[in-house]
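Chain residues, written in single-letter form:
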Amino acid sequence: MGRSFWLPVLGALGLTAVGEAVALGFDPFPPVAAEEARVADGAFRILTALAVPVFAFVLSFLVYSALRFRRRPGEQVDGPPVHGSRPVAVTWLGVTTTLTLVLIAVGTLGLEEIRHTAHLPPDLVVRVEGMRWGWQVSYPEAGVSTNRELVLPVGRRVRVEVTSRDVVHSFWIPAFRAKIDAVPGMVTSVAFTPNRTGGYREDPDLRVQCAELCGTGHALMVIPVRIVTEEEFRQWLANQSRQM
Amino acid sequence: MLLPIGKGLLFGALGFLVGAGLAGAVRLLTGRAPWAPEVLLVAGYPPGLVGWLLGVGMWDYWVREWFGLPRREEPADGPGRFFRFCTDHKVIGVQYLVTFTAVMLAGGLLAMLMRLELMQPGVGVLGLAGYNAVMSLHGIFMIAVAVAIILGGFANFLVPLMVGAEDVAFPRLNALSYWLIPPVALLLVGSLLAGGFETGWTAYPPLAALNPRGELFFLLAFLTFGFSSILGGLNFLATIIGLRAPGLTWSRLPIFIWSVFAASLISLTATQFVAFALLTDILDRVAGTAFYNPAGGGKPLLYQHLFWFYSHPAVYIMIVPAFGIVLEVIAHLSRKPLFAYRWVVGAFLTIVFLSFIVWAHHQFTSGMDERLHVPFMVTTELISIPTGMVFLAALGTLWEGRILLNTPMLFALGFLFNFLIGGITGIFLADVPTDIQFQDTYFVVAHFHYTIMGGEIFAFLAAVYYWFPKITGRMFNERLGKLQFWWALIGFNLTFLLMFWAGMRGMTRRVADYHPALADVNLLISLAAFFLAGSFVVFVINVVHSWARGPVAAANPWGATTLEWQTSSPPPHGNFACRPKVLDSPYSYGVPGAVHAVAGLAGGSDREDQFSREEEP
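Residues numbered from 1 in each chain as written. Chains lettered and ligands numbered in written order. Predicted model: local features only at pLDDT ≥ 70, side-chain atom pairs only at ≥ 80, totals over all residues.

**So, the overall build of chain B**
Logical step 1: A count of helices and strands for chain B gives 18 helices and three strands.
Logical step 2: Relative to a compact globule of 617 residues, whose C-alpha radius of gyration would be 25 Å, chain B shows 25 Å and is just as compact.
Logical step 3: Along the first, second and third principal axes, the C-alpha set of chain B runs to 80 × 65 × 45 Å.
Logical step 4: Counting every position in chain B, which comprises 617 residues, the buried fraction comes to 61%.
Logical step 5: Here the contacts in chain B between residues at least 6 apart in sequence split such that 80% fall between residues at least 24 apart. (Helix = DSSP H or I, 4+ residues; strand = E, 2+ residues; numbered from the N terminus. Rg over C-alpha atoms; globule rule 2.2 N^0.38 Å. Buried ≥ 20, exposed ≤ 12 C-beta atoms within 10 Å, placed from the backbone. Contact = placed C-beta atoms within 7 Å.)

Now the structure itself:
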């Protein structure tokens, strides 16, 4: 190993520091509009923080070796006849296994958190049916149904029960980090708690977008999501049932 | 020269007419309308396929003897052998390489069409249906390339050479696997004429049953391709198990051969599952069965499980041989033994095993039983352990090596960089909470292009340059090669890093139109993609020009130890003048006098021409 070994290690540490700083300041995601979205974004941050040193370590050794151990064309010298090293391989295996177990733990805990809220009794049940190419949204308790938008009250736990009339679609609201396929012949469900008011016009990520290829009109299978106060929501339901 | 192909087309057409005619007659006799295009197509296709194979040379060089007739002699030389049923594994390797390079370039052009449509929001040049058709065709073209370009091309050319055999175990079966490919191409082009198919290469039902007729062409093509893949896997396993030269024990196998062995285990045993899924998809469409139609009691989710039970292992059919190539190139061009050889072999076999129990990570949002989420997340994350071992081997070999930074080595290093990003981003898709958001977005598109294009295709390019002198007998242009490498590396990373960003910002995959808020990132991706495409022009110029006019290469320009370099370039029929003997590890660098294998050098050259160890200072 010797002195040359510590140079790429130092390089990896430097790269890690820079990488972590960049990763901390980096927020590429749509603004959060549901409680549960924090779990996904938190998981993303943890995974990124773990990924940066791995990337830095491999890159540093790769670049250092390529530059340091070059040979000129035509120069036919062999490297040392080293076929491996058990301590190095065992250490490597130990480190990668530990990292993987940490990743598994992070994922399992995050999933448990999402599951936990999904299984709490909802304040509101909404039924959504996908069809080529639109969404039929109904509020069974109020007897209201529309295909123009999904309106939700802020601060209430909502369970959406999803199915499809024809082919497989996928119900996705980017700002909620919530997605579930709409499958003909079965009912799937997803739960979330909107935590701020808003609408598609100001915030393009408040939309129900079909995320599973469903034919010609797939790209256009989008309806707006509008999150309103409890009061406005009741009023809207009343208006809708009068029109129906 | 093209006579066998003409004969194949004629016999194929006759076979098709016989099959379709019979089906029409049966329908007429049973009181149904004889004209049912999809039924006739499905009934005519198998006899048509058999007719094609017989015409293109199977009859002359193989089947005649089943009927007691003397088999015709295969003409040994001339360019004609590339255009008919030929059993020489080197000819078949070149057939695969040229065919799938052409398919790759065609698939690339389709990608450029997609980027043209996506340059700005709104429905543009292709239209919604047109975009879906182009995207679906791009998908299946590139899947076919990824499965066959290394395993069909380089494995065919190299496995018999590297194990010191005259040919593969079943040469005629090998020719059969290749000649199943042209009907696949014909069907895919036919699918466009029949209205295209809009399901992507995944062909999920019930959509697959509602699609234009092109869907049926696609399903038949995929089925045929899978058959070819099974036969190929069988052949490589038999060759590696049975035809190794004396002394070539399992622990002396070059790592590329191990990688082909591992990938072949998967193609031999997993492909049947997708064949079943496709067959039942066809039956649902043509015969009105209800395997996946909920109205008749079928389950759309069942198809997804069957499909991914093959299609996830399939990504290891693509990437494990790429690992093999990269480690091979790094060891020989660093002139150092492969680091942790046994650990890597163990890693390959572990990957084969794990690849069979990770499929449902494609379905975290599919509505499958929630109890499956954690087990599949765990198995998927576990794959990073053997994959990490491959990185250890690469870095350990480079360390204190004598690295020749030429074109093949640069592509091998480029593979490590790209695959590192591809592997790390895979973690975000294995993790359920983040995958729920990323599923079906450009994050996924970017991830698998990093592993397959930045990974496998970079390894393929490393292989093209590393074995170019062996296959063509000529040297490539090093300057053009380096230009292509840097151009491709920069273009590739610009294009696909931006796609991660698009995906995180909410860009759905497989769409022709998107929200105007995503206009800027899509414009940048398109420009970067057009730039990336330019690097492939350099590639084509270099390969075509060097193959025709390049300087004649020595038998062993890299001074490499493995057996394929111990014969002339290109190798003669039968590969070696006499049966080679293997004496030591293929990575016997750094020990004066150590020799991997002794082979009588065929083709008139002499061992003196090669790199000799006396030159060492």
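On we go from here.
**Details of the packing of helix H8 (residues 214–242) of chain B against helix H9 (residues 255–286) of chain B**
All names here are of chain B.
Logical step 1: Running from N to C, H8 and H9 cross one another at 155°; their axes reach a closest spacing of 7 Å. By the angle class used here, H8 and H9 are roughly antiparallel. As H8 packs across H9, the resulting crossing turns out to be left-handed.
Logical step 2: When the residues that make up the contact of H8 with H9 are grouped by side-chain class, the tally is 20 nonpolar, seven polar and two charged. (Axes fitted to C-alpha atoms, helices over the stretch in contact; angles between N-to-C directions. Parallel < 35°, antiparallel > 145°, perpendicular 65-115°, else oblique. Left-handed = near helix turned anticlockwise from the far one by under 90°. Nonpolar A, V, L, I, M, F, W, Y, C, P; charged D, E, K, R; others polar.)

**Observations concerning the domain arrangement of chain A**
Frequently, the measure chosen for interface size is the accessible area that the parts lose on association.
Residues and elements named next belong to chain A.
Logical step 1: Here the domain parsing of chain A yields domain 1 (2–70 + 84–119) and domain 2 (124–243).
Logical step 2: Spacing between the C-alpha centres of domain 1 and domain 2 amounts to 36 Å.
Logical step 3: Across the boundary between the two partners, domain 1 contributes eleven residues, which contact 16 residues of domain 2.
Logical step 4: Within the residue set of the side of domain 1 that touches domain 2, elements represented by two or more residues are helix H2 (37–68) and helix H3 (86–119).
Logical step 5: Across the side of domain 1 that touches domain 2, the residue classes tally to eight nonpolar, one polar and two charged. (Domains from an automatic or database assignment.)

**What about the interface of chain A and chain B?**
Logical step 1: Of the residues lining the interface, 70 residues belong to chain A; the matching set on chain B comes to 80 residues.
Logical step 2: Breaking the side of chain A that touches chain B down by element, the ones donating at least two residues are H2, strand S1 (70–71), H3 and strand S8 (178–182) of chain A.
Logical step 3: For S1 of chain A and strand S1 (residues 403–404) of chain B, the ladder comprises two bridges, and the chain directions are parallel. The residue bridging Arg70 of chain A from the neighbouring strand is Ile403 of chain B, located in S1 of chain B. (Pairing = 2+ DSSP bridges.)

**Focus: helix H18 (residues 519–549) of chain B**
Residue and element names in this part refer to chain B.
Logical step 1: Taking 1.5 Å per residue, 31 residues should reach 45 Å; H18 reaches 46 Å between its end C-alpha atoms and fits that length.
Logical step 2: Here H18 has its buried residues at Asn522, Ile525, Ser526, Ala528, Ala529, Leu532, Phe536, Phe539, Asn542, Val543 and Ser546.
Logical step 3: Contact partners of the buried residues in H18: helix H3 (89–118), helix H16 (442–472) and helix H17 (478–504). (Expected span 1.5 Å × (residues − 1).)

**Here we look at the domain arrangement of chain B**
Residues and elements named next belong to chain B.
Logical step 1: Looking at the assigned domains, one finds that chain B contains domain 1 (3–67) and domain 2 (87–549).
Logical step 2: Taken over C-alpha atoms, the centre of domain 1 sits 32 Å from the centre of domain 2.
Logical step 3: Listed as interface residues are eleven residues of domain 1 and, on the opposing side, eleven residues of domain 2.
Logical step 4: Per-class residue counts for the side of domain 1 that touches domain 2 are ten nonpolar, no polar and one charged.

**Examining the nonpolar core**
Soluble globular proteins tend to pack their nonpolar side chains together in the buried interior.
Residue and element names in this part refer to chain B.
Logical step 1: Counting 281 residues, the largest nonpolar core has Val326, Val344 and Ala462 as the members making the most contacts within it.
Logical step 2: Per-element accounting of this core gives the leading share, 25 residues, to helix H4 (residues 127–162).
Logical step 3: Setting aside anything within four residues of it in sequence, one finds Val344 in contact with Ile255, Leu327, Met389, Val390 and Ala393. (Core = buried A, V, L, I, M, F, W, Y, C linked by C-beta atoms within 7 Å.)

**A short note on the sheet that holds strand S3 (residues 134–139) of chain A**
Residue and element names in this part refer to chain A.
Logical step 1: The strand order across the open sheet formed by five strands is S4-S3-S2-S6-S9, and the pairing between neighbours is mixed. Looking at the sheet topology across the chains shown, the edges are occupied by strand S4 (144–146) and strand S9 (188–192). Each strand axis lies, on average, 20° off the axis of its neighbour in the sheet, ignoring direction.
Logical step 2: Note that strand S6 (residues 158–164) and S9 share five bridges and pair antiparallel. The residue bridging Glu161 from the neighbouring strand is Ser189, located in S9.

**Focus on the packing of H4 of chain B against helix H10 (residues 300–334) of chain B**
All names here are of chain B.
Logical step 1: Remark: H4 packs on H10, axes separated minimally by 8 Å, with the N-to-C direction vectors making an angle of 45°. In this view, H4 runs oblique relative to H10, as classed from their interaxial angle. Helix-helix and strand crossings are classified by hand; for H4 and H10 the assignment is left-handed. Within the contact between the two elements, H4 uses Ala146, Val147, Ile150, Leu151 and Ala155 and H10 uses Ala314, Ile317, Met318, Pro321, Ala322 and Ile325.
Logical step 2: Residue classes in the contact of H4 with H10 are distributed as eleven nonpolar, no polar and no charged.

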